[in-house]
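# Close look at the chain arrangement
The residues making up each chain are set out below.
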Amino acid sequence: SGGPFQTWVPVEPEDFEWVQTGDADDDNSCQEPPMQQYVPHGRRHVCDNCGSVLTIVYNGEPQVWPAAGGFDDASLPATTKETSKMLHGVMHISCRYKQKWYAIPDDG
């Protein structure tokens, strides 16, 4: 992601679908974005238009980890409070790559 913080959500491949928003001519389905290998431990789906990292797929793991900020799902809760009730279980990943100035909270 390139940033000090990123929220990823593990999703089983059968529960994940790429959709197109904006001026789509069809039912909003679209092709899977290309994957790039920027890190040794996985590959990332990258937007063809702007270069944004959309997911990470770890080597040897079936799950797709989309960046939470890219979700477009009407079934997700509308408020932060409702979302907090739905989501639980905090985990910190890739901790060996964290900045030295950041202390990982004991929140999970």
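Here is what the cut-offs are and how they apply
Residues numbered from 1 in each chain as written. Predicted model: local features only at pLDDT ≥ 70, side-chain atom pairs only at ≥ 80, totals over all residues. Heavy atoms only, no water. Helix = DSSP H or I, 4+ residues; strand = E, 2+ residues; numbered from the N terminus. Contact = heavy atoms within 4.5 Å. Areas by Shrake-Rupley, 256 points an atom, 1.4 Å probe, with all protein chains shown as cover. Pairing = 2+ DSSP bridges. Core = buried A, V, L, I, M, F, W, Y, C linked by side-chain atoms within 4.5 Å. Buried < 20%, exposed > 50% of the residue type's maximum accessible area, 1.4 Å probe, protein only. 1 Å grid on protein atoms, 1.4 Å probe; cavity = no way out; pocket = protein on both sides within 12 Å on 5 of 7 lines; lining within 4 Å. Points joined across faces, edges and corners; volume = space filled by probe spheres on them. Phe/Tyr/Trp six-rings, centres within 6.5 Å; stacked < 30°, edge-to-face > 60°. pLDDT = per-residue confidence, 0-100.

### Some details on the overall build of the protein chain
When helices and strands are counted, the protein chain shows one helix and four strands. Ordered by position from the N terminus, the helices and strands of the protein chain form the series β-β-β-β-α. Sequence separation of at least 24 residues holds for 37% of the intrachain contacts in the protein chain that already meet a minimum separation of 6. When the accessible surface of the protein chain is totalled, it reaches about 8,400 Å², and 49% of it is carbon and sulfur.

### Let's talk about the sheet that holds strand S1 (residues 35-39)
One open sheet holds the four strands; their spatial order is S1-S2-S3-S4, and the pairing between them is antiparallel. Of all strands in the sheet, those bounded by a partner on one side alone are S1 and strand S4 (65-66). Note: strand S3 (residues 55-58) against S4, two bridges, orientation antiparallel. Its bridge partner being in S4, Ile-56 is matched across the sheet by Trp-65.

### Section: the nonpolar core
Ranked by size, the top nonpolar core spans six residues in total: Trp-8, Val-39, Ile-56, Tyr-58, Trp-65 and Ala-67. The contacts of Tyr-58, once residues within four sequence positions are left out, are His-41, Gly-42, Trp-65, Ile-93 and Ser-94.

### What about the layout of surface pockets?
Taken as a whole, the second largest pocket encloses approximately 830 Å³ of empty space. What lines the second largest pocket is a set of 28 residues, and nearest its centre among them are Phe-16, Glu-17, Trp-18, Val-19 and Gly-70.

### Thoughts on the packing of aromatic side chains
Considering all chains together, one arrives at three aromatic pairs under this definition. Ring geometry for Phe-16 versus Trp-18: centroids 5.0 Å apart, planes at 85°, classification edge-to-face. Exposure remark for Trp-18: the relative accessible area of 17% places this residue in the buried category.

### Here we look at the confidence of the model for the protein chain
Reading fine detail from the predicted coordinates is not recommended where pLDDT is low. Per-residue confidence for the protein chain gives a mean pLDDT of 79, with 77% of residues at or over 70. Of all secondary-structure elements in the protein chain, the lowest mean pLDDT belongs to helix H1 (residues 80-86), at 70, while strand S2 (residues 42-45) reaches the highest, 92.

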